[in-house]
Amino acid sequence: MAQETKTRDKAGDSEYTAVGKPTIRIEGVGKVTGQTKFADDLTFPHMLHAKVLGSPHAHARVKSVDTADARQHPGVEAVIAAADLPAYKMNPSNRRGVIFAVDEVLFQGQPIAAVLASDPHVAEEALALIKVEYEPLTAVTDPISAMEDGSPLVRSAISDVDRSEEKGHVTIDVEQEEAEGAPSNIASKINFSRGDVEAGFAEADCVVEQTWRSAMVHQSYIEPHATIADFDNSGELSVWTSTQAPFYVRDELCQTLGIHESKIRVTATEVGGGFGGKIFLTELITAALAIVVKRPVKYIMSRKEDMLAATPAPFAQVELKTGMKADGTLVALKARLIYDSGAFPGAPVMPGCLFVGGYYKCPNLHIEGFEVLTNKVSVGALRAPGAHNATHAIESHMDIMARELGLDPLEARMKNAVEEGDPLPSGQPYPRIGLKDCLRAISESDVWKRRREVEGQANRGVGVAIGGWIGGLQPASAIVGLNGDGTIDVTVGSADISGTNTSFQQIAAEVLNVPLSSVNVTTGDTKTAPYAGMSAGSKTTYTVGKAVKLAAEDAKRQMLDIAAQRFEASPDELSVADGKVHLDGDDDKVLTFARLGKMTTNFGARFAPVVGRGTMSTRKSAPGFSAQAAEVEIDPDTGAITVLGYAIVQDAGFAINPLSVEGQMQGGASQGLGIALSEEMKFDEEGRLLNANLLDYRLPTTRDLPPIETIIVEVPSEEGPYGARIIGEPSIVPGGATIANAVADAIGVRVTDIPITPERVLRALGKL
Amino acid sequence: MRTFNFYAPTALDEALELLRKTDGGRPIAGGTDLVVQMKEAATKFPHPSSIISLLLIPELNGIEFDESTGLRIGATSTMSDIADSADIREHYPSIAEGAGIVGSIQTMNMATVGGNLCNGAPSADTAPPFLVHDAEFVITGPNGRRSLPADEFFVGPGETALAPNELLVEVRVPAPADRSGSAYVRHTPRKQMDIAVVGVAAAVTLTNDDRIENIRIALGAVAPTPVRATKTETFLSGQPASDESFAEAAETAAAECNPISDVRGSAEFRRHLVGTLTKRMLERAANRARGG
């Protein structure tokens, strides 16, 4: 198949009428005008508010929990501790398998008990009346020393680790070696080898060895976790929750609470930001509480609770050694990656290992990954989980080596960049990818072109880096129906976290050749919607979009069949345009969709309703790459960094909605800049979070962010709708390395840890 | 947040009476510090059972300037009121600079100068500017009115010289002398919506031959309270307003401050910033004094 690449021009010209056109998001107006109903906006008769008591200690034995005084507090309806919970399938090795800590708390903020009251303020008051006796234990906070023999243990041994959630983000056949043998804080190990790495270093003209660290960061969605659950007398559990993964929530609740999937209705409310963090967290506890009290229960995490006890992204240390020949050929790569998983397994060290050695052809590599437990909140996914940590290291090395060898940093990358057929460190070959196209496009960006101008100016610099993501794969389905008035209804089961429903509207409108306004898209609940995987792993447009296209094609086929009978013609002679079915070559033979609608829904109608069905499953991923460039200015006396300009290139395969794609690129780049410059969860030696708020956990504000130039390139995927490939995640990956390289260009020294704070800049400059 | 009673008196006497009667009641103005602390259960005092709003009390409002008597800022004047005041911008630029960077635009529209000062944060952005302008704080309470110089008002982190049930009524600032200028800057990791890692204010009055006739330097977030850099002030008095003396003053200020390490920065980093920012503020204040 010939590979066609193009850089999209802003006009979005193409042979299509709906897809590929910049389209305003369906749900956008409601969000910006405040009309959207989020989970916390919903209320039900007799509803109770839950407040949850979290442990003040990072590691302690729970000796007793006395709820008597809290129960007596006026207005309190129930106080529920571990002993009061309904039976559930507890799995102490999994975060998802523990509602309340029983004998041992493993991280600060771990839930101990809950208070239920009609008034949330009353529930909060009563929390202070619960008496818990703790015996503090040694908190293990540093994953590096936690790996050593003889380190105090974070917790009792783990077994039967469930990694199903991780697979939703990145689907690849790699086995993690789970911990066994003597008790240790190492939860799992990964090992990839190829060639002879020592022979490779012997061949190299430049060898660079460095240790890189990246901080624990939080998804910091605007809306903290929010769930309402209701368990009725018929035994049906209803859950309204801010989740990216309604079917996954249903499946987990089924397995944990022993309720049939058919008796669970999960409605994904509009998600006020997820970024991988809104998969499954508050649903189990809220459902369990609702089962106890048989009344609707609402649990909204406070910002502080969410920062203490959700699922942030890990701290990682990457020890990297790389070797390059004078002509720029990468010949050897040796890496040891240590990811801090917190108190439960689940750190994305596997993607880190894949990407540290997966961007460039390298004949000799040896990569070891360690997932290490500590007494901190356990980590989860954040947009391309685990990738930015590893990318920071390898992309810094590419710059250092190119600089030492006098090569252009883009040329050095281009020379080694992977292409279709090249293996990942795990051995799997890449399908068709657009990494080289991204590199070519970034060289044309305004920011990169300013490099010559900036060169030689004190304290200013330009840097570049790349990053990628493989994406997840899950089966998907969709329904496209024709209404009696000729409008089209699309029903899917995927939560819309990034404008996917708008893309589905475009896809259905394209297939049926109708205006966008004729197509309505609904995300149904798990009892009414056709199955879809979680909206994670960047896969929603790639998989559900494909199902929508198939469903629309099926609906079209049914409509043509009806018209063919009506016109006594063959369906081949018919086409759809302007909301009508036309008989080719006969202008009098038209059947409007409205007429077709009536013919399939009226009393005594001759034809059955038009219901198109689309189902899909694929094992072929469509990895996405991004290249980014930054121009920075450093104040050498305060260490302050100003990002003057930023450019992002991303291969979208085919941008079904270029507005959404650009939005994803800008959003991901902004998060990458936060990771690069200011975001860092800081813990004291007892494992307590020092900045559980959005003042001292610093997200970039509008004034911290530069104008971001977006350049979409399109190297079509083989299976995605219209060639679309994964979009959401690659944009966050290169930011740390891009800024690190720009800062090094500006000041001539390396800051090895991200975020690159003013204090770290001054230390690197030797001023502190 | 827990439950509480809310009062909105319209007279100062009524507010004082409510404070006395409610026992543990707290005054509130813009609420940008208090409400956040209450939500996070992080007040330095017991969770208040009553909240008494000061916003409807006319006597606490308003900004007035007179060339001879100086400036009066009512305690419930907002940061936006102060930052936007033409008089303050012209005669007391450091005060406008301090007020103009507190939180976000929304914060500045709600937060009041009384709240910023009475919260007692070592990092309060209006404190160093008031210190360098020799402000007086007018206080009222059960035992009547009194007035305190700014440098006696701050006692410790979250602690001021306010006795129980006392309220700050207004801030009075003398009119600046001729050939005077002031400036304030802070270092923050972000460009807005942040809190000072270090704040530095300077006010200078220059002689006609460009010597320093009067000097005030105040530092935020490097001690338990906002503080004057008195050794540096002593050193600079009578010195020429030159690069050399400002550079030496910067070193003196860095040496005399006593910062701690915390989540916002190490002591070493803060000390370095005190030096850098002191020099910059002296230059800026001197330029303003020269009419620049």
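Residues numbered from 1 in each chain as written. Chains lettered and ligands numbered in written order. Predicted model: local features only at pLDDT ≥ 70, side-chain atom pairs only at ≥ 80, totals over all residues.

Attention now moves to the nonpolar core. Residues A:Leu337, A:Val356, A:Ala508, A:Val548, A:Val743, B:Ala202 and B:Val204 are the most contacted members of the largest nonpolar core, which totals 329 residues. Here the element with the most residues in this core is helix H17 (residues 540-567) of chain A; it accounts for 12 residues. If sequence neighbours within four positions are ignored, A:Val743 has contacts with A:Gly461, A:Val632, A:Ile634, A:Ile641, A:Val751, A:Ile756 and A:Val761. (Core = buried A, V, L, I, M, F, W, Y, C linked by C-beta atoms within 7 Å. Buried ≥ 20, exposed ≤ 12 C-beta atoms within 10 Å, placed from the backbone. Helix = DSSP H or I, 4+ residues; strand = E, 2+ residues; numbered from the N terminus. Contact = placed C-beta atoms within 7 Å.)

So, about the interface of chain A and chain B. Listed per partner, the contact involves 24 residues of chain A and 20 residues of chain B. Mapped by element, the contributors of at least two residues to the side of chain A that touches chain B are helix H3 (120-127) and helix H21 (758-764) of chain A. No other element matches the four residues that H3(A) contributes to the side of chain A that touches chain B. Residue classes in the side of chain A that touches chain B are distributed as six nonpolar, seven polar and 11 charged. (Nonpolar A, V, L, I, M, F, W, Y, C, P; charged D, E, K, R; others polar.)

Consecutive residues of a regular strand have side chains that alternate between opposite faces of the sheet. Residues and elements named next belong to chain B. For strand S10 (residues 167-173), a buried count of six out of seven residues is recorded, marking the element as mostly surrounded by other parts of the structure. Sheet analysis places strand S5 (residues 70-74) next to S10, joined by four bridges and oriented antiparallel. Within S10, the residue paired with Arg 72 across the bridge is Arg 172. By the bridge criterion, five bridges tie strand S6 (residues 136-141) to S10 in an arrangement that is antiparallel. Following the sheet pairing, Phe 137 is matched in S10 by Val 171. (Pairing = 2+ DSSP bridges.)

All names here are of chain A. At a minimum axis distance of 10 Å, the contact between helix H7 (residues 246-257) and helix H8 (residues 282-293) shows a crossing angle of 50°. Considering their axes alone, H7 and H8 lie oblique with respect to each other. Where H7 crosses over H8, the two elements pack in a sense that is right-handed. Across from Val 249, Leu 253, Thr 256 and Leu 257 in H7, the residues of H8 making contact are Glu 283, Leu 284 and Ala 287. For the contact of H7 with H8, the class distribution of residues is five nonpolar, one polar and one charged. (Axes fitted to C-alpha atoms, helices over the stretch in contact; angles between N-to-C directions. Parallel < 35°, antiparallel > 145°, perpendicular 65-115°, else oblique. Left-handed = near helix turned anticlockwise from the far one by under 90°.)

On to the domain arrangement of chain B. Each assigned domain of chain B is listed with its residue range as follows: domain 1 (5-53) and domain 2 (180-289). Between domain 1 of chain B and domain 2 of chain B, the C-alpha centre-to-centre distance is 35 Å. (Domains from an automatic or database assignment.)

Turning next to the sheet that holds S10(B). All names here are of chain B. The five strands lie next to each other as S4-S5-S10-S6-S7, forming an open sheet whose pairing is antiparallel. The open sheet terminates on both sides in strands that have one partner only, identified here as strand S4 (63-66) and strand S7 (144-149). Averaged over neighbouring strand pairs, the angle between their axes works out to 20° when direction is ignored. When S4 meets S5, the two strands line up antiparallel, connected through four bridges. The residue of S5 that forms the bridge with Phe 65 is Leu 71.

Attention now goes to the domain arrangement of chain A. Residues and elements named next belong to chain A. If you check the domain split of chain A, you get domain 1 (39-137 + 225-300) and domain 2 (474-616). Averaged C-alpha coordinates put domain 1 and domain 2 at centres separated by 40 Å. In this assembly, 16 residues from domain 1 lie in contact with 12 residues from domain 2. Mapped onto the side of domain 1 that touches domain 2, the elements with two or more residues apiece are H7 and strand S13 (264-268). A per-element tally of the side of domain 1 that touches domain 2 places S13 first, with five residues. The class makeup of the residues in the side of domain 1 that touches domain 2 is nine nonpolar, five polar and two charged.

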